[in-house]
Amino acid sequence: MTMPFASKANSKVTLDAAAWAFNIVTSVGIIMVNKALMATYGFSFATTLTGLHFAATTLMTLVLRWMGHIQSSHLPPSEILKFILFANFSIVGMNVSLMWNSVGFYQIAKLSMIPVSCFLEVVLDKMRYSRNTKLSILLVLLGVAICTVTDMSVNVKGFIAAFVAVWATALQQYYVHYLQRKYALGSFNLLGHTAPAQAASLLLLGPFVDYCLTNKTVGAYPYTLTSVFFIILSCTIAIGTNLSQFICIGRFSAVTFQVLGHMKTILVLTLGFLFFGKDGLNLQVVLGMVIAIMGMIWYGNASSKPGGTETQNLSSPNLKPQKQNGLLESIELDEKV
């Protein structure tokens, strides 16, 4: 009896690590590609680019369904609509917040997603966090704040944009976990339901939103072979980024995704210093990175212990696994106990 349990536990640890590695590599990769695309080639149409990302993801899910790797599943249109509203307000809100706020306040707003996600889990899932888990989260927030927050200025419209962006992002990430758990959907299935609607809505609204933010039209951009290559590369990596986000939130929680996700912030800063110059690299930034990494290690240890995070059993009558076929089946459905 011990061996099968140990084998299952080891398998889960391996799959958890693979899911995080997949998310980190694709997320950091797309940030670096987009940074080159926007900074070097002047493609500043972030909302439209996100629409293209979801169009590529939609194409991937259609191909996999045609190949038989994804079987049909059900998600009510009302749930899709709510998810799309949260997701699109998150994307547009973040872009507007970055434009209207200082970089320092923008980073503070991003950090506030963790306490907001905690609040949602406490209220909606009756989650309880141990003292060490709470302190480790605070240590991560402190470390990331030290190495990313510099200037701090805020205005009314920038605050409103940040407020909408933070709550929409937290709700969207919570809803990923909620929908996978309630309808027993795998990551590919959930993407198959939501990506087409997100692609259509963002490609329709994106050019208008980008024009309001940049006073430029996406059609007037001087496309070159190199810039088109970077756009295609960004869309290709985005498929992995979108999938890995759904996998990680489905396997863990929105809070864990946010806390350990700040490892990507540290990696982006490090790679930025390596590839784009060492301006801004100082003792404060290094100290913040070290504190944040210590907090992440502490969080991983504290939250994995008995009592680290506890929730009531909210089993749903809808939790009948929908039949999956092969592809990533072992990591599709939530294995939480």
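Refer to the structure above for everything that follows.
Nothing here was measured: the structure is a model prediction, and the numbers come from that model.

## Points about unusual backbone geometry
Peptide bonds are, in most cases, trans, and in most cases residues other than glycine have a negative phi.
Phase 1: Not every positive phi belongs to a glycine, and Lys126 is a case in point at roughly 55°.
Phase 2: Despite not being glycine, Asn215 shows a phi value in the positive range, around 60°.
Phase 3: Mapping Asn215 onto the fold places it in the loop between helix H8 (187-214) and helix H9 (225-251).

## Side note on the pattern of salt bridges
Phase 1: Overall, the coordinates contain three salt bridges when judged by the stated rule.
Phase 2: Where Lys182 meets Glu79, a salt bridge forms, and the shortest distance between an N and an O atom there is 3.8 Å. Placement of the pair is Lys182 in helix H7 (residues 156-183) and Glu79 in helix H3 (residues 77-100), with a sequence separation of 103 residues.
Phase 3: Of the charged contacts, one joins Arg181 and Asp125 as a salt bridge, the two residues approaching to 3.2 Å between their closest N and O atoms. Residue Arg181 is found in helix H7, and its partner Asp125 is found in helix H5 (residues 113-125); the two are separated by 56 residues along the sequence.
Phase 4: With a relative accessible area of 21%, Arg181 lands in the partly exposed category.

## Looking at the nonpolar core
Soluble globular proteins: nonpolar side chains tend toward being buried together.
Phase 1: Membership of the largest hydrophobic core comes to 41 residues, with the highest contact counts inside it found for Phe43, Leu75, Phe83, Leu179 and Leu190.
Phase 2: Residue assignment for this core shows that the elements contributing at least two residues are helix H1 (2-39), helix H2 (46-66), H3, H7, H8 and H9.
Phase 3: Looking at which element gives the most residues to this core, the answer is H9, with 11 residues.
Phase 4: Non-local contacts of Leu190, meaning those with residues more than four positions away in its chain, are made with Leu75, Val176, Leu179, Gln180, Leu185 and Phe246.
Phase 5: Counting residues in hydrophobic clusters, the runner-up holds 19 residues, among them Leu111, Ala145, Met289 and Ala292.

## Side note on empty space enclosed by the protein
Phase 1: Inspection of every chain in the model, using the stated rule, returns two cavities of 30 Å³ or more.
Phase 2: Put simply, the second largest cavity is a space of about 30 Å³.
Phase 3: Forming the walls of the second largest cavity are Gln107, Lys110, Leu111, Val144, His262 and Thr265.
Phase 4: Elements represented by at least two residues in the lining of the second largest cavity include exactly helix H4 (103-111) and helix H10 (254-276).
Phase 5: For the lining of the second largest cavity, the leading source of residues is H4, giving three residues.

## What to know about the environment of Asn101
Phase 1: Residue placement: Asn101 occurs in the loop between H3 and H4.
Phase 2: You can call Asn101 buried: its relative accessible area is 8%.
Phase 3: Taking the C-alpha atoms as reference points, Asn101 and Phe159, 58 residues apart in sequence, are found 7.6 Å from one another.
Phase 4: Other than its neighbours up to four places away in sequence, Asn101 contacts Tyr106, Val154, Asn155, Gly158, Phe159 and Ala162.

## Some thoughts on the side chain of His53
Phase 1: Structurally, His53 is set in helix H2.
Phase 2: If near-sequence neighbours (up to four positions away) are discounted, His53 is found in contact with Ile30, Asn34, Ser234, Cys235, Ala238 and Asn242.

## With respect to H2
Every α-helix winds through 3.6 residues per turn, so residues three or four apart in the chain are directed the same way.
Phase 1: With 21 residues, H2 extends 30 Å from end C-alpha to end C-alpha; this agrees with the ideal 30 Å at 1.5 Å per step.
Phase 2: A positive phi of about 90° marks Gly68, the residue just after H2.

## Some details on the packing of H2 against H8
Phase 1: Closest axis-to-axis distance for the H2/H8 pair is 7 Å, and the angle between their directions is 150°. Overall, the two elements H2 and H8 adopt an arrangement that is roughly antiparallel. Read as a crossing pair, H2 and H8 show a hand that is left-handed.
Phase 2: Considered class by class, the residues forming the contact of H2 with H8 number 15 nonpolar, 10 polar and two charged.

## Brief notes about the packing of H7 against H9
Phase 1: Running from N to C, H7 and H9 cross one another at 70°; their axes reach a closest spacing of 8 Å. What the angle tells us is that H7 and H9 run roughly perpendicular. For H7 against H9, the interelement crossing comes out right-handed. Residues Gln172, Gln173, Val176, His177 and Gln180 of H7 form the contact with H9, whose participating residues are Gln245, Phe246, Ile249 and Gly250.
Phase 2: A breakdown of the residues in the contact of H7 with H9 according to their chemical character gives three nonpolar, six polar and no charged.

## With respect to the side chain of Ser227
Phase 1: Relative to the helices and strands, Ser227 resides in helix H9.
Phase 2: Separated by 2.8 Å, the side chain of Ser227 and the backbone nitrogen of Thr224 make a polar contact.
Phase 3: Among all residues touching Ser227, those that are not within four sequence positions of it are Leu37, Tyr41 and Tyr221.

Rules of the game
Residues numbered from 1 in each chain as written. Predicted model: local features only at pLDDT ≥ 70, side-chain atom pairs only at ≥ 80, totals over all residues. Heavy atoms only, no water. Helix = DSSP H or I, 4+ residues; strand = E, 2+ residues; numbered from the N terminus. Salt bridge = Lys/Arg side-chain N within 4 Å of Asp/Glu carboxyl O. Buried < 20%, exposed > 50% of the residue type's maximum accessible area, 1.4 Å probe, protein only. Core = buried A, V, L, I, M, F, W, Y, C linked by side-chain atoms within 4.5 Å. Contact = heavy atoms within 4.5 Å. 1 Å grid on protein atoms, 1.4 Å probe; cavity = no way out; pocket = protein on both sides within 12 Å on 5 of 7 lines; lining within 4 Å. Points joined across faces, edges and corners; volume = space filled by probe spheres on them. Expected span 1.5 Å × (residues − 1). Axes fitted to C-alpha atoms, helices over the stretch in contact; angles between N-to-C directions. Parallel < 35°, antiparallel > 145°, perpendicular 65-115°, else oblique. Left-handed = near helix turned anticlockwise from the far one by under 90°. Nonpolar A, V, L, I, M, F, W, Y, C, P; charged D, E, K, R; others polar. Polar contact = N/O pair within 3.5 Å; in protein donor to acceptor, adjacent residues only side chain to side chain.

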